[in-house]
Amino acid sequence: QVQLVESGGGLVQAGGSLRLSCAASGRSFSSYTMGWFRQAQGKERDFVAAISRYRSNYADPVKGRFAISRDNAKNMVYLQMNSLKPEDTAVYYCAADRDGAISDISRDYEYWGQGTQVTVSS
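Here's a quick rundown of the structure.

Cut-off values and rules
Residues numbered from 1 in each chain as written. Predicted model: local features only at pLDDT ≥ 70, side-chain atom pairs only at ≥ 80, totals over all residues. Heavy atoms only, no water. Salt bridge = Lys/Arg side-chain N within 4 Å of Asp/Glu carboxyl O. Helix = DSSP H or I, 4+ residues; strand = E, 2+ residues; numbered from the N terminus. Buried < 20%, exposed > 50% of the residue type's maximum accessible area, 1.4 Å probe, protein only. Pairing = 2+ DSSP bridges. Axes fitted to C-alpha atoms, helices over the stretch in contact; angles between N-to-C directions.

### Focus: the pattern of salt bridges
Next up, step 1: Going through the model one piece at a time under the given rule, you end up with 4 salt bridges.
Next up, step 2: Note that R38 is salt-bridged to D88, the shortest N-O span being 2.9 Å. Separated by 50 residues along the polypeptide, R38 in strand β4 (residues 33-39) and D88 in the loop between β8 (76-81) and β9 (90-97) bring together distant segments of the chain. Each member of the pair, R38 together with D88, is buried.
Next up, step 3: The residue K63 makes a salt bridge to D60 at a minimum N-O spacing of 2.9 Å.
Next up, step 4: Judged by its relative accessible area of 48%, K63 falls in the partly exposed class.
Next up, step 5: Within this structure, R38, R65 and D88 form a network of salt bridges that share partners.

And the structure:
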């Protein structure tokens, strides 16, 4: 019922920036918690950031470098990534949680995008 499409990934040098975008379908977008997760090759999927109607949370490795935001009028969520490091290299996934409670647990999110690759060179 809800479709999510990520874009904005690519190759960037360490210290550079990227902005990821996630376009969501659905008429209840403003009530969803939206999250970003990432999965490096050969590793498990990790929480990156989430934004609800009221607050945002960040994983420790990205605090101070990444910023999550949303534009409810456009059904969009963004992840601004600054000061990128090689260890940020991963496939980044956008996810939606219908209940609107802030969460860093992947199983709480019902809808997922296909992912977008971010590669940071040293």
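Text resumes after the structure shown.
### Concerning the pairing of strand β11 (residues 116-121)
Next up, step 1: Here β11 shows a buried face lined by T116, V118 and V120 and an unburied face lined by Q117, T119 and S121.
Next up, step 2: In this sheet, β11 lies alongside strand β2 (residues 10-13) in parallel orientation, the contact comprising 4 bridges. Bridge pairing links V12 to V120 in β11.

### Points about the sheet that holds strand β1 (residues 4-7)
Next up, step 1: What the 4 strands build is an open sheet, ordered β1-β3-β8-β7; its pairing is antiparallel. With one partner strand each, in any of the chains shown, β1 and β7 (66-71) form the two edges of the open sheet. The mean angle between the axes of side-by-side strands here comes to 15°, regardless of whether they run parallel or antiparallel.
Next up, step 2: In this structure, β1 lies alongside strand β3 (residues 18-24), joined through 4 bridges in antiparallel fashion. Counted as the bridge partner of L4 is A24 from β3.

All quantities given are derived from atomic positions and should not be read as evidence of function.
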